[in-house]
Amino acid sequence: MWTALSQPPTPEPRLQPTNPATLIVAALGSAAVAWLIISTWYGSMPTLPWLPAFTLLALALVEFALAQQTRARIERKPGRPGVEPLAVARYAVLAKASSLAGAIFAGFSAGLTLWLLVDGQRLTAATRDLPAAISSLVCSLALVGAGLWLERACRVPKRPEDDDKPDIQ
């Protein structure tokens, strides 16, 4: 209960920008898991599919286009309609989730690629699986970049009258 003399506490923002350390830890953890899984069961695994790489690339392209559109709408560029605040909040959540998922996939793909280059050189299947692993790594990194770009596009620009207020983005 607040009394007439006390003011309610100022709410802190709940959705913070993505911390790069979080993405790095997630990538390193999934790379370690990938190395363990691949080194144990690679001989009994089927050929690596290309579908994950294409899916990650498609998601990255969609998010990149969404980031461009959202930034233009937030900045109220001519010919662009306004943007719904709830939609921007949803895009920000999608961006955070995508950058984390991309980091996890990138770490796994990096662990797989590294194992194929280091320990898998003596296997014929490793040379066949290497292009799919490298493309998955590249597409995962593209998804991380697109997610971070979309997150940045969702930020509301400062207004001139906000210069005297602290920045709480």
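As the structure is a prediction and not an experimental result, all values here were calculated from the model.

## Digging into the overall build of the protein chain
Turning to step 1, where the next piece is worked out: Each helix and strand in the protein chain was counted, giving four helices and zero strands.
Turning to step 2, where the next piece is worked out: In the protein chain, the order of α-helices and β-strands from amino to carboxyl end is α-α-α-α.
Turning to step 3, where the next piece is worked out: Here the protein chain, with 169 residues, has 32% of them falling under the buried criterion.
Turning to step 4, where the next piece is worked out: Summarising the internal contacts of the protein chain: among those between residues at least 6 apart in sequence, 83% fall at separations of at least 24.

## Digging into the nonpolar core
Turning to step 1, where the next piece is worked out: Core analysis: the largest hydrophobic core is formed by 10 residues, namely Ile38, Tyr42, Leu48, Leu112, Trp115, Leu116, Ala126, Leu130, Ala132 and Ala133.
Turning to step 2, where the next piece is worked out: The set of elements that each furnish at least two residues to this core consists of α3 (85-118) and α4 (124-153).
Turning to step 3, where the next piece is worked out: Ranked by residues supplied to this core, first place goes to α4 with four residues.
Turning to step 4, where the next piece is worked out: Not counting residues within four places of it along the chain, the set of residues in contact with tyrosine 42 comprises Ile37, Trp115, Leu116, Leu123, Ala125, Ala126 and Asp129.

## Quick look at the side chain of serine 109
Turning to step 1, where the next piece is worked out: For serine 109, the location among the structural elements is in helix α3.
Turning to step 2, where the next piece is worked out: Relative accessible area serves as the criterion here: at 7%, serine 109 is assigned to the buried category.

## Quick notes on the packing of helix α2 (residues 51-74) against α4
Each pair of packed helices can be described by the angle between their axes along with the distance between the axes.
Turning to step 1, where the next piece is worked out: Interaxial distance between α2 and α4 falls to 8 Å at its minimum, and their mutual angle equals 20°. It follows from the interaxial angle that α2 and α4 lie roughly parallel. Here α2 runs over α4; the crossing is left-handed.
Turning to step 2, where the next piece is worked out: Per-class residue counts for the contact of α2 with α4 are 16 nonpolar, six polar and three charged.

## A closer look at α2
Turning to step 1, where the next piece is worked out: An ideal rise of 1.5 Å per residue puts 34 Å on 24 residues; α2 measures up with 34 Å between its terminal C-alpha atoms.
Turning to step 2, where the next piece is worked out: Buried within α2 are the following residues: Ala53, Leu56, Ala60, Glu63, Leu66, Ala67, Thr70, Arg71, Ala72, Arg73 and Ile74.
Turning to step 3, where the next piece is worked out: As for α2, its buried residues are in contact with α3 and α4.

## Notes on the packing of α2 against α3
Turning to step 1, where the next piece is worked out: Look at α2 against α3: their axes get within 11 Å of each other, and the N-to-C directions meet at 150°. Judged on the interaxial angle alone, α3 and α2 are roughly antiparallel. For the pair α2 and α3, the crossing hand works out as left-handed. Touching Leu56, Glu63, Leu66, Thr70 and Ile74 of α2 are Val88, Tyr91, Leu94, Ala95, Ser98 and Phe105, all from α3.

Criteria and thresholds
- Residues numbered from 1 in each chain as written.
- Predicted model: local features only at pLDDT ≥ 70, side-chain atom pairs only at ≥ 80, totals over all residues.
- Heavy atoms only, no water.
- Helix = DSSP H or I, 4+ residues; strand = E, 2+ residues; numbered from the N terminus.
- Buried < 20%, exposed > 50% of the residue type's maximum accessible area, 1.4 Å probe, protein only.
- Contact = heavy atoms within 4.5 Å.
- Core = buried A, V, L, I, M, F, W, Y, C linked by side-chain atoms within 4.5 Å.
- Axes fitted to C-alpha atoms, helices over the stretch in contact; angles between N-to-C directions.
- Parallel < 35°, antiparallel > 145°, perpendicular 65-115°, else oblique.
- Left-handed = near helix turned anticlockwise from the far one by under 90°.
- Nonpolar A, V, L, I, M, F, W, Y, C, P; charged D, E, K, R; others polar.
- Expected span 1.5 Å × (residues − 1).

It is worth stressing that arrangement in space is one thing and function is another; only the former is reported here.
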